[in-house]
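# A structural walkthrough
What follows is each chain in one-letter form.
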Amino acid sequence: MQFTFTSLWELLGGLGLFLFGMFQMEEALKYLAGRSFKLFLKKHTEKKFEAILSGTVITAILQSSSLVMLMVLAFVGAGGMNFRNALSVSIGSNLGTTLDNWLVAYVGFKFNIEIIALPFIVIGVVIYILVEHHKKWQNASKLIIGFGLLLFGLSLMKNSATGLFQNFSFENYKHLPSLFFVFFGFCITAIIQSSSATMAILMSALYAGVIPFATAAYFVIGSELGGSIKIIIGSMNGIAEKKRMALGNFIFNIV
C-alpha cells in the first residue's frame, strides 16, 4: 500500500478524536468528582508513601497527570501541602498516568475496538439528549462519549499507521543519535500536550513495524519530559515552593 493523504488525514483525525475524547473525560470528571479528589488529596498526602499511592490512584482514575499536578501546585501555592509531599504525589502521578497505555497495549491492538467504541458513543449521545436539563447526567454522558471517542480515535490511528508507513524505511535514520529521538518525542508532546496521545501514536507505529522498540523507548523519554512543560508554565507566577515542585517533577522525569 502506497502513501496516501487519506491515510495521513485518518491518522490526524484519529489523533484529534483521541485528544478530544480525553478532554471530554477530563472535563466531566472534574465536575463529577473534582471536589472529592481534592479532599482525598489533601487528606492522604501527609506521609510520603501515602502521597505516592494517592497520586497513583487519582491519576489512574482521572487519566490526566497534568490535572492532578495542577491541583498539587494549587495546594502548594496556598500553603496546604509541603514540597516533599507534593513531590511524592508527583511520583505517584507519573505512575498512574501509564494505566491508559497498558489498556491501549492490551486492548487496543488485540481486538476490533471500533465494535467497543461505537456503542459507547451512541449510548452517550442518547443519554446526553435525553437528560438535557440534568447537569450531573450530562457530564456522565460526556464521560461515556469521551471514552468512546478516545477508543475510536485510537482505532483510526491504528488502521492508518499500516497504510501510511508500510513503505517507510527506518534504515536511513538509524545513524541519528539517540538524543535526536528524545528531542523529537519532547517536541511532539510539548505541542499536543498529551503524553498518552504520543504513546498511542508510537504504539501504532510499533504495531505497523515502522520503528524498532529501542527507538520508541527514546521517544517515550522525550514524551515524558514534554508533558512536564505545562507544569513548569503553571508554576512560573507562583511562590518559590511551586517552582521547586515543578523543577522536581521535571528532574524526576529526566532520571
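Everything quoted here is computed from the prediction, not taken from an experiment. (Residues numbered from 1 in each chain as written. Predicted model: local features only at pLDDT ≥ 70, side-chain atom pairs only at ≥ 80, totals over all residues. Heavy atoms only, no water.)

### Let's talk about the packing of helix H3 (residues 65-77) against helix H4 (residues 83-96)
Where H3 contacts H4, the axes come no closer than 10 Å and their chain directions differ by 175°. Of the possible angle classes, the one that applies to H3 and H4 is roughly antiparallel. The residues of H4 that touch H3, namely those facing Ser-65, Val-68, Met-69, Val-72 and Val-76, are Ala-86, Val-89, Ser-90 and Ser-93. In terms of residue class, the contact of H3 with H4 is built from six nonpolar, three polar and no charged. (Axes fitted to C-alpha atoms, helices over the stretch in contact; angles between N-to-C directions. Helix = DSSP H or I, 4+ residues; strand = E, 2+ residues; numbered from the N terminus. Parallel < 35°, antiparallel > 145°, perpendicular 65-115°, else oblique. Contact = heavy atoms within 4.5 Å. Nonpolar A, V, L, I, M, F, W, Y, C, P; charged D, E, K, R; others polar.)

### Side note on the packing of aromatic side chains
The full count for this structure, using the stated rule, is five aromatic pairs. For the ring pair Phe-120 and Phe-147, a centre distance of 4.9 Å and an interplane angle of 75° mean the geometry is edge-to-face. Placement of Phe-120 in helix H6 (residues 113-130) and of Phe-147 in helix H7 (residues 135-165) is noted, with a sequence separation of 27 residues between them. The exposure class of Phe-147 is partly exposed, given its relative accessible area of 30%. Where Phe-180 meets Phe-181, the ring centres are 5.4 Å apart and the plane angle is 80°; that geometry is what we call edge-to-face. The exposure class of Phe-180 is partly exposed, given its relative accessible area of 38%. Under the relative-accessibility criterion, Phe-181 is labelled buried at 6%. (Phe/Tyr/Trp six-rings, centres within 6.5 Å; stacked < 30°, edge-to-face > 60°. Buried < 20%, exposed > 50% of the residue type's maximum accessible area, 1.4 Å probe, protein only.)

### Let's talk about a nonpolar patch on the surface
Among the surface-exposed residues, Phe-49, Leu-53, Val-57 and Ile-61 lie close enough to one another that they form a single nonpolar patch of about 410 Å² accessible area. Topologically, Ile-61 is positioned in helix H2 (residues 48-62). By relative accessible area, Ile-61 is classed as partly exposed at 48%. (Patch = residues over 30% accessible without salt bridge, like charges linked within 9 Å, V, L, I, M, F, W, Y side chains within 5 Å. Areas by Shrake-Rupley, 256 points an atom, 1.4 Å probe, with all protein chains shown as cover. Salt bridge = Lys/Arg side-chain N within 4 Å of Asp/Glu carboxyl O.)

### Thoughts on the packing of H4 against helix H12 (residues 240-254)
Remark: H4 packs on H12, axes separated minimally by 10 Å, with the N-to-C direction vectors making an angle of 35°. Crossing of H4 over H12 shows right-handed handedness. For the pair H4 and H12, the contacting residues are Phe-83, Ala-86, Leu-87, Ser-90, Ile-91 and Asn-94 in the first and Glu-241, Arg-244, Met-245, Gly-248, Asn-249, Phe-252 and Asn-253 in the second. Partitioned by chemical class, the residues of the contact of H4 with H12 number six nonpolar, five polar and two charged. (Left-handed = near helix turned anticlockwise from the far one by under 90°.)

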